[in-house]
Amino acid sequence: MHKIVITDRVAEKGDRNSVGGFPILAKHQAHPHCKICDAQMALFLQFDLKPEFDLSFLENSHFLAFMCPNHNDIPTVAEDFLDSAAVIPDRYWEQEEGHFTLILNPPNIEEKIGECDPFIQAKQLDFVKAEETIEDWGDPEAGISLIVGSEQGFKIGGTPSWFNYDCQANCSCGAKMKFIGQIPTDFGFTQIPNAPKQPDEFSSAEYYFLLGNQVYIMGCSSQCHEMAAIAICDN
Ligand SMILES: [Zn+2]
Ligand SMILES: [Zn+2]
């Protein structure tokens, strides 16, 4: 497991690991726009899946998380993934209301660098290796297991620190959904001064992702599509 640390260093054009900053997209990808209001989405977070993270994805894949600056709400379709018997629809990422976008691009593709995000302060990320303990918070008498990692903070890899449930579902392609990382509860992303205040939040200094819930990000382990990823909220 690696803790994600937001540094004081400004993220410049070409920096691949940042909050805010310059989105690194595949050459064919447009910057995401909100399906509800058509606003250009804010780049909250992007990072490479470095080999040392020891994840279940192609090494050096690139992850990006965007959300509409006007629509701060939780996902809907991701709840289906909490029911291991649920049939996950094809192209489930298009079934969401469309106020946020997760992208996991494979490595060694042609890329392009977008404009600097105008909402969230562009800062480079550091990754600090750390240990966590793994516990079973389930109910053994009921035959329920809930495997939980002890690190509840901002992290990549390791074991999700589930609160109430976990995700055992498969992607619509049949491959297992695997953990990428998590954003902790009430985690503020420092906004650029004079950027509009985020609706539904008390702070005019920070933006929150998916209403400030604890967010667990999972991706299709066969990376069947660049958008085959989900965000599960809990609090
Ligand atoms: Zn919107
Ligand atoms: Zn898949």
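No experiment lies behind these values; they were computed from the predicted model shown.

1. Considering the pairing of strand E4 (residues 42-48)
The buried fraction of E4 amounts to six of the seven residues, a majority that puts the element mostly inside the structure. Summarising the sheet, strand E2 (residues 18-19) and E4 pair through two bridges and their orientation is antiparallel. Looking at the pairing, Ser18 lines up with Gln46 of E4.

2. Regarding unusual backbone geometry
One non-glycine residue with positive phi stands out, namely Asp186, at about 55°. Accessibility expressed as a C-beta count within 10 Å gives 14 for Asp186, which makes it partly exposed. Of note in this structure, Leu211 is not a glycine but carries a positive phi near 65°. Considering the arrangement of structural elements, one finds Leu211 in the loop between strand E14 (206-207) and strand E15 (214-220).

3. Considerations on the environment of Ile144
In this structure, Ile144 sits in the loop between strand E9 (134-136) and strand E10 (147-149). Those residues within four positions of Ile144 in sequence are excluded, and the remaining contacts are Gly138 and Asp139.

How each quantity is defined
Residues numbered from 1 in each chain as written. Chains lettered and ligands numbered in written order. Predicted model: local features only at pLDDT ≥ 70, side-chain atom pairs only at ≥ 80, totals over all residues. Buried ≥ 20, exposed ≤ 12 C-beta atoms within 10 Å, placed from the backbone. Helix = DSSP H or I, 4+ residues; strand = E, 2+ residues; numbered from the N terminus. Pairing = 2+ DSSP bridges. Contact = placed C-beta atoms within 7 Å.

Scope: geometric values only; no functional claims are made or implied.
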